[in-house]
Amino acid sequence: MSQIMNVLITGVGGQGTLLASRIIAQVAVDLGYDVKVTEVHGMAQRGGSVVSEVRYGEKVYSPTIPKGQADVLLAFEKLEAARWLDYLKPDGIVIINDERVDPLPVMSGKVKYPEDIIDRISQLKPKTTVADATQTAIECGNVKAANVVLVGILSKVIGLPPEKVEEAIRKLVPPKALEVNLAAFRRGVDWSVHQ
Amino acid sequence: MKRLMIGNEAIARGAYEAGASVATAYPGTPSTEIVSNMARYQDVYAEWAPNEKVALEVGIGASIGGARTLVAMKHVGINVAADPLYTVAYTGVNGGLVIVSADDPGMHSSQNEQDNRGYGQFAKLPVIEPSDSQEAKDFTSLAFDISEEFDTPVMLRVTTRLSHSQTLVEEGEPGERVLKEYKKDAPKYVMLPGYARGRHVEVEKRMVKLAEYAENTPLNRIEWGDRRLGIITSGVAYQYVREALPDVSVLKLGLVNPLPKDLITSFADQVERLVVVEELEPVIEQQIKAWGIDVEGKELFTLLGEYSPEMIAQRLAGAEPATSSQLDIPPRPPLLCPGCPHRGVFYTLRRMRVTVMGDIGCYTLGALSPLEAMDACVCMGASIGMAMGMEKARGEEFAAKMVAVIGDSTFVHSGITPLIDTVYNQGTSTVLILDNDTTAMTGHQDHPATGVTIKKSPTKKLDIEALVRAVGIDNVRVVDPLKLDELEAAIREELERREPSVIIAKRACALIDPTPITSTLFVDEELCNGCKACIRIGCTGIFFNDDEKKAAINPNTCVSCGMCVQVCKFDAIKVVEG
Ligand code: SF4
Ligand code: SF4
């Protein structure tokens, strides 16, 4: 099992986690690995908590990542990093987009958004990186490209060859959004990552 | 070259390679992408049927007519199609007929988690269960051969985790689309008692032959390993078993009805301990127990929800559960989208404190906080019949404070007959048809009232207003659900009327027509008094700033539908000038 790379991508329905997992998976396919991806469709896509799981290696059986075995957790939103933290290995890597999307109980004032959530995550998982992918995407020309900024950071962390990732982006992103997404990806790769 | 495919796409590919030329479905998570993928093949006739019963009936006709035919639906859709299903099991087929049941263990997007392998036993159908996308493709192709060889419809049973996981698939060559000869054969296809008795004999003979086939089919296989533990499993559970217990012996069943008795008996004889790992009901376990074989199953594993590799490792290999970090995280339930036209309806119904008989679609989210404006929701189309029953039980006074709420696609699916019942049996219901011009929840499929087919070609558009009048509803009005005053006035008037009425709340789903209704908005902090009325509509476009004690618009998510503007009593939500 240790031969398998397990990447957990979490976020809020509508944030573009599906594209991110598809890019990573495509790269893994192009590199000749066995690959499985599992994703959430249906009701949770309406602003609920969503997760995509990408696994690749010599031979992959389960499409889901066993709890406690994810190598990397890529979270598009801070709370969604905390929610799935237990899926990570003890020394796993966490990449968090510094984005706050209030869930309903917070919006309606029933509970407070845990402001210190990143500190608490960093205490539990020392290999935690926070990136402002939303801002970076806006600088690249489209806020929607935040997911590809995060793919850039992730691909550096797990050592995917950038030219392969660009190839996958070309396959999966519609031509008119391609330039922005490639720029967003490169900004992500350039991000300095805590090792 | 291998390609990643979700299970549903692989099923479509398998049907295409097997030469299927007709595909029908009503959309339903997790089955939807099967027939939407079939529609991409030019030489396949594909359709969205108004409901699953019609989809299967069209499929039966196509099969009798000689075409290989694929019919797909979610698990509860099979309930809708159960009437033709049980009897097409008698008639058998001409062109191969494969019926996909996409079950939803864990209820990711469903109202129950029934296990449709049970239908295979009751309706006497072979049931095939793949465990990844490659098998989904290959088994679908094989299912067509089995269907024709044994003269039977075949059920392909999948689950959400297969339908929506991508795994690698080696594509094959598309087969030829062959139309078999059609010959009139009333004793086979006309199910009158006299003929049906003859067919039942055939059904029982067929099941015997299938049970023999099960012993040697490539669908079932043994993977020998350590013989101290033997696992019998099928579907995605097989993958979990292999992940968690790489060394044990496994009997993997691809044909789960009928079961191979000899194969299972001999496997049982050769292992020290025998365990069945199957999600949901003990369908395999109970049959093995009935044969007097010593086997464990549900004493170890739950009847509820999805399984996982870690669950299997814990139960059978003594693994410890992963440590919990005990972070207390507020839940994130799904919400109606910003600008969703349903929001205004449930906001209004809640304000009016009426009883709401609900139905199935995005608008079922109106039941959740903060709108909380739904009293019951059972199945597709139930709202109108339930309102009728409520009225007959509790009287007209009660009905004057009750509505039924149903979406356009759901209304066409199965809301028309209960409306006829209301008219015929003199109910006084007020029915709201939330017409957003799409089947939104499942990913925006067309339906008869959108006037567009699955292949995106224009067609005759079902006129819901005319239809409702034609069944005898005299009080029909169309309102814009984003105009809250008009909507509330309309509901009030129709509730007062001691006659049945229909209000069509017409506005396209915000995801298919995102045109802003007003200009960009902001909250004027001078005017906002922090009452949170706008927050209680449950839109992510507006949030409450706790430090300032003021509401604020989130410009990244607000789509300027103007609903919060109407809710604010202090006129604090304003258009950005210039
Ligand atoms: S998809 Fe459409 S109908 Fe569904 S919640 Fe969003 S706006 Fe409303
Ligand atoms: S105008 Fe108000 S209700 Fe409409 S999307 Fe924006 S914040 Fe939500």
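Cut-off values and rules
Residues numbered from 1 in each chain as written. Chains lettered and ligands numbered in written order. Predicted model: local features only at pLDDT ≥ 70, side-chain atom pairs only at ≥ 80, totals over all residues. Heavy atoms only, no water. Domains from an automatic or database assignment. Buried area = accessible area lost by both parts, 1.4 Å probe. Helix = DSSP H or I, 4+ residues; strand = E, 2+ residues; numbered from the N terminus. Salt bridge = Lys/Arg side-chain N within 4 Å of Asp/Glu carboxyl O. Buried < 20%, exposed > 50% of the residue type's maximum accessible area, 1.4 Å probe, protein only. Polar contact = N/O pair within 3.5 Å; in protein donor to acceptor, adjacent residues only side chain to side chain. Contact = heavy atoms within 4.5 Å. Near = heavy atom within 4 Å. Nonpolar A, V, L, I, M, F, W, Y, C, P; charged D, E, K, R; others polar. Phe/Tyr/Trp six-rings, centres within 6.5 Å; stacked < 30°, edge-to-face > 60°. Core = buried A, V, L, I, M, F, W, Y, C linked by side-chain atoms within 4.5 Å. Pairing = 2+ DSSP bridges. Axes fitted to C-alpha atoms, helices over the stretch in contact; angles between N-to-C directions. Patch = residues over 30% accessible without salt bridge, like charges linked within 9 Å, V, L, I, M, F, W, Y side chains within 5 Å. Areas by Shrake-Rupley, 256 points an atom, 1.4 Å probe, with all protein chains shown as cover. 1 Å grid on protein atoms, 1.4 Å probe; cavity = no way out; pocket = protein on both sides within 12 Å on 5 of 7 lines; lining within 4 Å. Points joined across faces, edges and corners; volume = space filled by probe spheres on them.

All names here are of chain B. We note that the domain assignment places domain 1 (2-216), domain 2 (221-317), domain 3 (341-506) and domain 4 (519-577) within chain B. Buried surface at the junction of domain 3 and domain 4, summed over both partners, amounts to about 780 Å²; 65% is from carbon and sulfur atoms. Contact with domain 4 buries area across many residues of domain 3, yet Arg343, Tyr347 and Leu482 alone supply 63% of it, more than any other trio. Broken down by element, the side of domain 3 that touches domain 4 gets its largest block of residues, three residues, from helix α15 (residues 342-352).

Residues and elements named next belong to chain B. Counting across every chain of the model gives 55 salt bridges over all chains. Close ionic contact of Glu17 with Arg13 constitutes a salt bridge, the shortest N to O distance being 2.8 Å. Remark: Arg13 and Glu17 occur in helix α1 (residues 7-17); sequence separation between them is four residues, near one turn of the helix. On the basis of relative accessible area, Glu17 is assigned to the buried category, the value being 12%. A relative accessible area of 10% places Arg13 in the buried class.

Quick look at the side chain of Arg242(B) now. Tracing the backbone shows Arg242(B) in helix α11 (residues 236-244). Judged by its relative accessible area of 7%, Arg242(B) is buried. One polar contact links Arg242(B) to Glu223(B), side chain to side chain, over a distance of 2.5 Å. A distance of 3.1 Å separates the side chain of Arg242(B) from the backbone oxygen of Val248(B), its partner in a polar contact. In this structure Arg242(B) touches Tyr61(A), Glu223(B), Asp247(B), Val248(B) and Val250(B), once residues within four positions along its chain are discounted.

The subject of this paragraph is the site of ligand 1. Taken together, Arg46(A), Leu336(B), Cys337(B), Cys340(B), His342(B), Cys362(B), Asn436(B), Ala440(B), His444(B), Cys509(B), Ala510(B) and Leu511(B) form the complete shell of residues around ligand 1. Of the residues contributing to the shell around ligand 1, the split by class is eight nonpolar, three polar and one charged.

The environment of ligand 2 is formed by 15 residues, the closest being Cys539(B), Cys558(B), Cys561(B), Gly562(B) and Cys564(B). Here the residues of the shell around ligand 2 sort into 11 nonpolar, four polar and no charged.

What follows is about the interface of chain B and chain A. Taken together, the contact between chain B and chain A spans 55 residues of the former and 55 residues of the latter. Across the chain B to chain A interface the summed buried area is about 4,400 Å²; carbon plus sulfur atoms make up 60%. The interface formed by chain B and chain A contains four salt bridges. We note a salt bridge from Lys112(A) to Asp546(B), for which the minimum N-O separation is 3.9 Å. The set of elements that each furnish at least two residues to the side of chain B that touches chain A consists of β1 (2-6), β8 (165-170), α11, α14 (309-317) and β20 (542-545) of chain B. By residue number, the principal contributor to the side of chain B that touches chain A is α11(B), which donates six residues.

One pass over the full model with this rule turns up seven aromatic pairs over all chains. Between the aromatic rings of Tyr33(A) and Tyr56(A), the centroid separation amounts to 5.2 Å while the plane-to-plane angle is 45°, which identifies the pairing as tilted. With Tyr33(A) in the loop between α1 (17-30) and β2 (34-38) and Tyr56(A) in strand β3 (residues 49-57), the pair connects residues that are 23 residues apart, well separated along the chain. Tyr33(A) gets classed as partly exposed once you look at its relative accessible area, which sits at 36%. Between the aromatic rings of Trp224(B) and Phe267(B), the centroid separation amounts to 5.3 Å while the plane-to-plane angle is 35°, which identifies the pairing as tilted. Of this pair, Trp224(B) sits in the loop between β9 (221-223) and β10 (226-234) while Phe267(B) sits in helix α12 (residues 261-270), placing them 43 residues apart in sequence. Given a relative accessible area of 37%, Trp224(B) falls into the partly exposed group.

Residue and element names in this part refer to chain B. Counting residues in hydrophobic clusters, the biggest one holds 71 residues, and the most contacted among them are Phe346 and Leu349. Leave out the neighbours within four places in its chain, and Leu349 touches Val354, Val356, Ala373, Val403, Val405 and Ile491. The next biggest cluster of nonpolar side chains, apart from the first, holds 62 residues, and it includes Ile11, Val100, Met207 and Tyr213.

So, on to the sheet that holds strand β15 (residues 402-407) of chain B. Residue and element names in this part refer to chain B. Pairing is parallel across the open sheet formed by five strands, whose spatial order is β14-β15-β16-β18-β17. Looking at the sheet topology across the chains shown, the edges are occupied by β14 (355-357) and β17 (475-479). Pairwise comparison of adjacent strand axes, ignoring direction, gives a mean angle of 25° for this sheet. Relative to strand β18 (residues 501-506), strand β16 (residues 430-435) runs parallel, the two sharing six bridges.

Residue and element names in this part refer to chain B. Mapped onto the elements, Lys455 comes out in the loop between β16 and α20 (464-470). On the basis of relative accessible area, Lys455 is assigned to the partly exposed category, the value being 34%. In sequence terms Lys455 and Leu56 are 399 residues apart; their C-alpha atoms lie 19 Å from each other. Ignoring any residue separated from it by four or fewer positions in sequence, one finds Lys455 in contact with Ala39, Tyr41, Gln42, Val44 and Ala46. At 3.0 Å, the side chain of Lys455 and the backbone oxygen of Tyr41 are in polar contact.

Once that is clear, we can look at a nonpolar patch on the surface. Residue and element names in this part refer to chain B. Residues Val190, Leu192 and Tyr195 make up a contiguous nonpolar surface patch of about 250 Å² in total accessible area. You can see Leu192 is positioned in the loop between α9 (186-189) and α10 (193-216). With a relative accessible area of 47%, Leu192 lands in the partly exposed category.

Size it by volume and the second largest pocket reaches roughly 900 Å³. Looking at the second largest pocket, it is lined by 32 residues, and the ones nearest its centre are Arg22(A), His41(A), Ile6(B), Glu9(B) and Gln166(B). Where the lining of the second largest pocket is concerned, the elements lending two or more residues are α1 and α7 (162-172) of chain A together with β1 and α2 (33-38) of chain B. Broken down by element, the lining of the second largest pocket gets its largest block of residues, six residues, from α1(A). Class assignment for the residues of the lining of the second largest pocket results in nine nonpolar, 14 polar and nine charged. Both domain 1 (2-216) and domain 3 (341-506) of chain B contribute no fewer than three residues apiece to the lining of the second largest pocket.

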